[in-house]
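Tertiary structure, described
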Amino acid sequence: MSAFVINGGRRLNGNLRVQGSKNSVLPILAATLLINGKCVIHNCPALSDTECTVKILKSLGCKVQRDGTSICVDSTSATGFEIPGSLMREMRSSVVFLGAILGRMGKATISAPGGCEIGLRPIDLHLYAVKRLGVDIEESYGKLVCTVPNGLKGTKITFSFPSVGATENALLACVTAKGNTTIVNCAREPEIIDLCDFLNSCGAKITGAGESIISVEGVKELHGCEHSVICDRIAATTYLVAGAVTGGDVEIHNTVPIHLNSILPLLEESGCDVRVRCKSIRLKAPGRLKRIDKIITQPYPGFPTDAQAPFTTLTSIASGTSVIVENIFESRLKHVPELVRMGAKIRAEGRVAVVEGVERLYGAEVISPDLRGGAALVVAGLCASGTTVVKNTNFIDRGYEDFENNLCMLNADIYRKVKTDGTKEKKKL
Ligand code: EPZ
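1. Comments concerning unusual backbone geometry
The residue after Tyr-300, namely Pro-301, is reached through a cis peptide bond having omega 15 degrees. Along the chain, Pro-301 turns up in the loop between strand 17 (294-296) and helix 10 (308-316). Although it is not a glycine, Tyr-141 sits at a positive phi angle of roughly 50 degrees. Checked against the element boundaries, Tyr-141 lands in the loop between strand 7 (136-140) and strand 8 (143-147). Not every positive phi belongs to a glycine, and Asn-392 is a case in point at roughly 65 degrees. Here Asn-392 shows up in the loop between strand 22 (387-391) and helix 13 (393-397).

In structure tokens form, the structure reads like this:
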């Protein structure tokens with residue numbers, strides 16, 4: 001088990017190019033299964049979730065090759081329709097293969113997906129969507145055996161909640177269905193737009209991406225294409241918050257600033273000077289951060305739940321009291337007790353956290369509860385006095401490419417402590 005060791009108190013400054021989006025590359029790689037040919041996906045981040053997705057594609061018979069940040073997928077000889085349980089359990093987005101496998105093979109067998117334990121994370125909306133398209137689902141020995149007796153047929157799908165993953169599954173299952181599909185109350189995240197852009201480049205006929213209603217005209221077949229994944233707006237946010245809490249001056253490149261429209265105003269409310277250019281965002285922090293009145297997570301274009309944990313860290317050292325409401329996941333405040341261990345003054349009840357800002361945090365040994373909570377603890381270590389050890393880096397490696405080296409490039413003092421044979425520890429230079 002490895003850990004990040006952070007010696008806090010250094011101002012972050014400098015320039016950083018942000019990775020491609022984890023939550024965009026995963027559904028797009030799954031979508032390559034629909035194409036009876038070759039696709040090349042550029043700007044793919046090197047993450048454990050990306051590697052897991054590649055393993056699933058290979059288990060289904062796809063030929064996959066990574067060349068730097070580009071991944072080439074040839075699905076011509078793909079015949080598989082069942083994902084091994086061990087791979088399903090590795091991440092949440094394994095469930096998004098359901099729509100792609102059904103669209104390509106006409107049948108699919110999956111088990112419950114894994115992913116960060118930030119709530120129950122049921123898949124009822126995913127199953128509702130594919131059933132509406134004509135899929136029969138039988139449960140047997142913990143597996144969902146899906147068949148399409150009369151083929152996938154276009155229909156109207158109305159979601160009770162704009163679920164990102166369920167919207168992706170609905171899109172992947174209906175793009176080659178017979179007839180037209182309308183998806184109502186769908187997710188509007190930039191990652192949905194990116195997936196639709198990729199599918200349209202492959203010959204799909206999707207309109208309305210980014211709106212609450214998406215229309216799809218089913219096509220017979222999709223062809224290969226090249227596509228570059230959008231920048232990771234949550235990773236960009238995390239590095240900006242790291243600059244903010246250390247009194248730093250950081251510039252993040254290769255971003256899409258409009259994707260952070262609900263985030264940048266809160267950074268300014270905390271006293272940061274934020275300058276936006278077409279593909280970069282520069283943040284200069286004040287001497288002392290100011291409180292943020294309310295942080296309320298919502299579906300896009302509202303404030304993203306994935307940015308809540310880093311912002312909890314930011315408000316924990318701001319002057320004044322901030323209120324955080326987590327509306328998307330029912331247990332996504334597990335980083336709070338770890339921040340309290342570092343001297344934060346936070347009262348959390350259910351989905352609400354009241355943060356009374358303190359002058360400074362103190363280094364401690366803490367444990368990552370999940371991907372974004374772990375990143376928030378590393379950010380806390382950057383501004384704490386003394387040394388912080390953040391355990392369970394495996395969670396963080398799921399979503400942040402080369403996290404410690406990127407932070408070092410911004411002048412942080414952080415390294416990864418890797419236990420090799422259970423006794424020795426080595427500093428990764
Ligand atoms: C995606 O998860 C992201 N993951 C999450 O990012 C992100 O937090 C989330 O969307 C919301 O933006 C990926 O894209 C791989 P949802 P997803 O379906 O699709 C409930 C990160 O840190 N729900 O929009 O699982 C669900 O329980 C990760 O990068 C149902 O009830 O999110 C939750 O309360 C974490 N039934 C809410 O909807 C369903 O069938 C939002 O879930 C599906 C979801």
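2. Details of the side chain of Asp-232
Looking at the secondary structure, you find Asp-232 in the loop between strand 13 (226-228) and helix 8 (233-245). As a buried residue without a salt bridge, Asp-232 has its nearest oppositely charged side chain in Arg-372, at a separation of 4.9 Å. Within the structure, the side chain of Asp-232 is placed 3.0 Å from the backbone nitrogen of Lys-22, a separation counted as a polar contact. A polar contact is formed between the side chain of Asp-232 and the backbone nitrogen of Ile-234, at a distance of 3.0 Å.

3. Here we look at the pattern of salt bridges
In total, this model carries 17 salt bridges according to the counting rule given. Two residues, Glu-82 and Lys-143, come together in a salt bridge whose shortest N-O distance is 2.7 Å. Of the two residues, Glu-82 is situated in the loop between strand 5 (70-74) and helix 3 (85-88) and Lys-143 in strand 8; the sequence distance between them amounts to 61 residues. Measuring nitrogen to oxygen at the nearest pair gives 3.8 Å for the salt bridge that ties Lys-205 to Glu-217. With a gap of 12 residues between them, Lys-205 in strand 11 (residues 205-207) and Glu-217 in strand 12 (residues 213-217) connect regions that are remote in the sequence. We classify Lys-205 as partly exposed; its relative accessible area is 43%. Here the salt bridges do not stand alone but share partners, grouping Arg-291, Asp-293 and Lys-294 into one network.

4. Looking at the environment of Ile-296
If you trace the backbone, Ile-296 turns up in strand 17. According to the relative accessible area criterion, Ile-296 is partly exposed, its value standing at 30%. Sequence-wise, Ile-296 and Val-352 are 56 residues apart; in three dimensions their C-alpha atoms are separated by 9.3 Å.

What counts, and at which threshold
- Residue positions are counted from 1 within each chain, in the order its sequence is given.
- Under the rules for a predicted model, residues below a pLDDT of 70 receive no local features and side-chain atom pairs below 80 are neither given nor counted, while totals for whole chains, interfaces and linings still include all residues.
- Side-chain numbers here rest on the full set of heavy atoms in the structure, without hydrogens or water.
- We count a stretch as a helix when DSSP gives it H or I for four or more residues in a row; a strand needs E for two or more, and each element gets its number in order from the N terminus.
- Exposure is judged per residue with a 1.4 Å probe applied to protein chains only, and the accessible area is read against the type maximum: over 50% gives exposed, under 20% gives buried, and values in between give partly exposed.
- All tallies of charge rest on Lys and Arg as positive and Asp and Glu as negative; His and the ends of each chain are not included.
- A pair is scored as a salt bridge if a Lys or Arg side-chain nitrogen falls within 4 Å of a carboxyl oxygen belonging to Asp or Glu.
- Any pair of nitrogen or oxygen atoms within 3.5 Å is treated as a polar contact; in protein, a donor-acceptor pairing is required on top of that, and neighbouring residues in sequence qualify only through side-chain atoms on both sides.

The quantities given are spatial measurements derived from coordinates; they are silent on function.
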